[in-house]
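Architecture and fold: a report
So you can see what is in the structure, the chains are spelled out below.
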Amino acid sequence: MLDHHTIERYELGWLVVAVVMVLLMFAGVIASMITETVPGMFGSPARYINPTQLSKTEFAAPGLKVSPDGSVNAYMVARAFQFQPNVLRVPANTPVTLHFVAADVIHGLMLGQGNVNAELVPGQVATFTRTFKSAGTFVSQCNEYCGSGHQTMSFTLIVEAPK
Ligand SMILES: [Cu+2]
């Protein structure tokens, strides 16, 4: 039989274990927010443009743009019920800055390869810089219900190995 002093020691021990676990979880959540392993927790500071005037912005011609200095930007528009462009080819092992905006209603896109999960709010530009390491073809689906064609709204990311 355990006397009550022993039982109290065990209880204290388990209490310490529980408190340490809670503190570790708390530290883990804060660390993941700071290091952005929580996808899209903090993007670049939000930028708003008029979603009805996208033709007057860099989103007029969606797609990949390589600047003379070598920086790579991709501009993508989500609208019911397609992503523009529908297929994006990016080079592997190169930082790519992705800019997403929705033109009409809220859409969503997750790129498992790049740890991106963006809620695309009309007019709100979501920006992520990512380096895609493994070449391949990755198909994603709009992940915010956006209307009758939602289930057909897919996006293909092709990460191309350097030639
Ligand atoms: Cu959608």
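Residues numbered from 1 in each chain as written. Predicted model: local features only at pLDDT ≥ 70, side-chain atom pairs only at ≥ 80, totals over all residues. Heavy atoms only, no water.

1. Remarks on the packing of aromatic side chains
Throughout the structure, instances matching the rule amount to three aromatic pairs. Ring geometry for Phe 83 and Phe 155: centres 5.7 Å apart, planes at 70°, overall edge-to-face. Here Phe 83 is found in strand S4 (residues 82–84), whereas its partner Phe 155 is found in strand S11 (residues 154–160), with 72 residues between them in sequence. Here Phe 83 and Phe 155 have matching classes, each one buried. (Phe/Tyr/Trp six-rings, centres within 6.5 Å; stacked < 30°, edge-to-face > 60°. Helix = DSSP H or I, 4+ residues; strand = E, 2+ residues; numbered from the N terminus. Buried < 20%, exposed > 50% of the residue type's maximum accessible area, 1.4 Å probe, protein only.)

2. Points about the sheet that holds S11
Spatially, three strands are ordered S5-S11-S10 in an open sheet, and the strand pairing comes out mixed. If you trace the sheet from one side to the other, it starts and ends with strand S5 (87–91) and strand S10 (136–141), each paired once. The mean angle between the axes of side-by-side strands here comes to 20°, regardless of whether they run parallel or antiparallel. Note: S5 against S11, five bridges, orientation parallel. Within the sheet, the bridge partner assigned to Pro 91 lies in S11 and is Glu 160. (Pairing = 2+ DSSP bridges. Axes fitted to C-alpha atoms, helices over the stretch in contact; angles between N-to-C directions.)

3. Some remarks on the nonpolar core
Ranked by size, the top nonpolar core spans 26 residues in total, and within it Leu 98, Phe 100 and Leu 120 carry the most contacts. Those elements that place two or more of their residues in this core are strand S3 (72–79), S5, strand S6 (95–102), strand S7 (107–111), strand S8 (116–120), strand S9 (124–131) and S11. When neighbours within four sequence positions are excluded, Phe 100 is seen to be in contact with Phe 59, Met 76, Leu 109, Leu 111, Val 116, Ala 118, Leu 120, Gln 124, Val 125, Ala 126 and Phe 128. (Core = buried A, V, L, I, M, F, W, Y, C linked by side-chain atoms within 4.5 Å. Contact = heavy atoms within 4.5 Å.)

4. What about the domain arrangement of the protein?
Entries for the protein in the domain assignment read domain 1 (1–38) and domain 2 (47–160). Each of domain 1 and domain 2 has a C-alpha centre, and these two points are 41 Å apart. (Domains from an automatic or database assignment.)

5. Brief notes about the pairing of S7
Judged by how many residues are buried, S7 sits mostly within the fold: four of five residues are covered. In the sheet, S7 pairs with S8 via five bridges, with the strands oriented antiparallel. Bridge pairing in S8 links Leu 109 to Ala 118. Where S7 folds back on S8, the antiparallel hairpin that results is connected by four residues, among which Asn 115 adopts a positive phi of roughly 55°.

6. Some words on the pattern of salt bridges
Tallied over the full model, the rule gives one salt bridge. Here Glu 160 makes a salt bridge to Arg 89, at a shortest N to O gap of 2.8 Å. On the criterion of sequence distance, the pair formed by Glu 160 in strand S11 and Arg 89 in strand S5 is long-range, its members being 71 residues apart. Judged by relative accessible area, which is 27%, Glu 160 ranks as partly exposed. Taking relative accessible area as the criterion, Arg 89 reaches 46% and is therefore assigned partly exposed. (Salt bridge = Lys/Arg side-chain N within 4 Å of Asp/Glu carboxyl O.)

7. Concerning the coordination of the copper ion
In an ideal octahedron of six donors the angles at the metal are 90 or 180 degrees, and in an ideal tetrahedron of four donors they are 109.5 degrees. Surrounding the copper ion are the protein donor atoms His 107 (ND1), Cys 142 (SG), Cys 146 (SG) and Met 153 (SD), at 2.1 to 2.7 Å. Seen from the copper ion, its four donor atoms lie at angles of 87 to 135°, and the figure they make is irregular. In primary-sequence terms, the residues that donate to the copper ion follow H-x34-C-x3-C-x6-M. Both residues of the pair, Cys 146 and Met 153, belong to the buried class. (Donors = N, O, S within 2.8 Å, 3.2 Å for Na, K, Ca; no water. Tetrahedral: all angles 85-135°; square planar, octahedral: opposite > 155°, others 65-115°.)

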